[in-house]
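So you can see what is in the structure, the chains are spelled out below.
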Amino acid sequence: AQTVTQSQPEMSVQEAETVTLSCTYDTSENNYYLFWYKQPPSRQMILVIRQEAYKQQNATENRFSVNFQKAAKSFSLKISDSQLGDTAMYFCAFMKRYSGGGADGLTFGKGTHLIIQP
Amino acid sequence: GAGVSQSPSNKVTEKGKDVELRCDPISGHTALYWYRQSLGQGLEFLIYFQGNSAPDKSGLPSDRFSAERTGGSVSTLTIQRTQQEDSAVYLCASSLAGQSKMAQYFGPGTRLLVL
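Residues numbered from 1 in each chain as written. Chains lettered and ligands numbered in written order. Predicted model: local features only at pLDDT ≥ 70, side-chain atom pairs only at ≥ 80, totals over all residues. Heavy atoms only, no water.

**Q** What is the right way to look at the overall build of chain B in this model?
**A** Looking only at helices and strands, chain B features 0 helices and 10 strands. Along chain B, from the amino end to the carboxyl end, the secondary structure elements read β-β-β-β-β-β-β-β-β-β. For a compact globule of 115 residues, the expected C-alpha radius of gyration is about 13 Å, and chain B comes in at 13 Å, within 12% of that figure. In terms of its C-alpha atoms, chain B occupies a principal-axis envelope of roughly 40 × 25 × 25 Å. The buried share of chain B, taken over its 115 residues, is 48%. (Helix = DSSP H or I, 4+ residues; strand = E, 2+ residues; numbered from the N terminus. Rg over C-alpha atoms; globule rule 2.2 N^0.38 Å. Buried < 20%, exposed > 50% of the residue type's maximum accessible area, 1.4 Å probe, protein only.)

Quick look at the structure:
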């Protein structure tokens, strides 16, 4: 079984600042995927970014980027030029990679509540 | 449809009653997942359907929970004899195929309150 740990229950930054959210995980698997999801007050869970563990290059999506350290089992999310609309709960999630196809549920961390102050 | 839809948005029920929660996945998505989100337990995986295959029920918390997926599309999560600890937000997600590389897209959830 795998576990995902987000050690920052809440963070607050000023608009336009850069913020980094931490995530560590524990697994015996070598092949897997990692995700960051955003959940605003509307409750809709939105995919922010995805990282494939067998790729060394860190994933980026516009203002969002990750720092993936496989040996350290660390997967942090960096948000650049933060905006008021970035205010939300952010969840880190893990899924084992199935080489023959197939999937199972995501394993989530407890989340970080990010507040962007005007 | 444009996204995953769930109904009802909110449900209040009395302890001991049965409830049914519905999920409509994105058109063409063959994989469907149910999760539960509660303050105490965070986000928990409940069950996964891939096409017409038998579902993976490993995450269901008790035998009071069951789920069906008719015609490979709409899914219903049923909770029998509800208990107060069943109060939570129930989230449904779908993906293009039941493969780990496929991103899951979530619905807005059903908030269940058991009195």
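Having seen the structure, we can now continue with the description.
**Q** When you look at the pairing of strand S4 (residues 31-38) of chain B in this model, what are you seeing that I'm missing?
**A** Remember that side chains alternate between the two faces of the sheet whenever the strand is regular. All names here are of chain B. Among the 8 residues of S4, 8 are classified as buried, and the element is accordingly described as predominantly covered. Here S4 shows two buried faces, one formed by Ala31, Tyr33, Tyr35 and Gln37 and the other by Leu32, Trp34, Arg36 and Ser38. Sheet analysis places S4 next to strand S5 (residues 42-50), joined by 8 bridges and oriented antiparallel. The residue bridging Trp34 from the neighbouring strand is Ile47, located in S5. In this structure, the hairpin formed by S4 and S5 is closed by a connection of 3 residues. (Pairing = 2+ DSSP bridges.)

**Q** I would appreciate a short explanation of the nonpolar core in the present structure.
**A** Most often, soluble globular proteins keep nonpolar side chains buried together rather than apart. Judged by nonpolar contacts, the single largest core of 26 residues is most densely connected at A:Leu21, A:Tyr25, A:Trp36, A:Phe75, A:Leu77, A:Tyr90 and A:Leu114. When residues in this core are grouped by element, the largest group, 4 residues, is from strand S10 (residues 88-96) of chain A. (Core = buried A, V, L, I, M, F, W, Y, C linked by side-chain atoms within 4.5 Å.)

**Q** Help me out: how do you make sense of a nonpolar patch on the surface in this one?
**A** A contiguous nonpolar surface patch, about 280 Å² in accessible area, is contributed by B:Val12, B:Leu113 and B:Leu115. On the secondary structure map, B:Leu115 appears in the segment after strand S10 (110-114). (Patch = residues over 30% accessible without salt bridge, like charges linked within 9 Å, V, L, I, M, F, W, Y side chains within 5 Å. Areas by Shrake-Rupley, 256 points an atom, 1.4 Å probe, with all protein chains shown as cover. Salt bridge = Lys/Arg side-chain N within 4 Å of Asp/Glu carboxyl O.)

**Q** I would appreciate a short explanation of the interface of chain B and chain A in the present structure.
**A** Think of interface size as the accessible area that goes away when the parts come together; that is how it is often given. Contacts between the two partners involve 27 residues from chain B and, on the opposite side, 22 residues from chain A. With both chains or domains summed, chain B and chain A bury close to 1900 Å², and 52% of this area falls on carbon and sulfur atoms. One can count 0 salt bridges joining chain B with chain A. If you look at where chain B meets chain A, you find 8 residue pairs in polar contact (both at pLDDT 80 or more). If one sorts the elements of the side of chain B that touches chain A by residue count, S5(B) sits on top with 4 residues. Of the residues belonging to the side of chain B that touches chain A, the class tally is 11 nonpolar, 13 polar and 3 charged. (Contact = heavy atoms within 4.5 Å. Buried area = accessible area lost by both parts, 1.4 Å probe. Polar contact = N/O pair within 3.5 Å; in protein donor to acceptor, adjacent residues only side chain to side chain. Nonpolar A, V, L, I, M, F, W, Y, C, P; charged D, E, K, R; others polar.)

**Q** How do you make sense of the side chain of A:Lys38 when you look at a structure like this?
**A** Take A:Lys38: it is sitting in strand S5 (residues 32-39). Non-local contacts of A:Lys38, meaning those with residues more than four positions away in its chain, are made with A:Gln44, A:Met45, A:Ile46, A:Val48, A:Gly85, A:Asp86, A:Ala88, A:Met89 and A:Tyr90.

**Q** Is there a simple way to think about the state of the cysteines in this case?
**A** Note on terminology: disulfide describes a covalent bond linking the sulfur atoms of two cysteines. Residue and element names in this part refer to chain A. Here the structure, examined in full by the defined rule, presents 2 disulfides over all chains. Note that Cys23 is cross-linked by a disulfide to Cys92, the S-S spacing being 2.0 Å. Given an S-S torsion of about -70°, the disulfide between Cys23 and Cys92 has left-handed geometry. Of this pair, Cys23 sits in the loop between strand S3 (19-21) and strand S4 (24-26) while Cys92 sits in strand S10; the two residues are 69 residues apart in sequence, bridging distant segments of the chain. (Disulfide = S-S within 2.5 Å.)

**Q** Got a minute to help me understand the pattern of salt bridges in this structure?
**A** Oppositely charged side chains can form a pair if their charged atoms are brought close together. Residue and element names in this part refer to chain A. Counted by the stated rule, this structure contains 7 salt bridges over all chains. Across the salt bridge formed by Glu52 and Lys55, the nearest N and O atoms sit 2.9 Å from each other. On the basis of relative accessible area, Glu52 is assigned to the buried category, the value being 15%. One salt bridge in this structure joins Arg63 and Asp86, with 2.9 Å as the shortest N-O distance. In this pair, Arg63 is assigned in the loop between strand S7 (60-61) and strand S8 (64-69) and Asp86 in the loop between strand S9 (74-79) and S10, connecting sequence segments 23 residues apart.

**Q** Help me understand the environment of B:Ile47 in this model?
**A** Residue and element names in this part refer to chain B. Structurally, the position occupied by Ile47 is in strand S5. On a C-alpha basis, the gap between Ile47 and Leu32 in space is 8.4 Å, while along the polypeptide they are 15 residues apart. Leaving out residues up to four positions away in the same chain, Ile47 has contacts with Leu32, Tyr33, Trp34, Pro55, Asp56, Lys57, Leu60 and Ala67.

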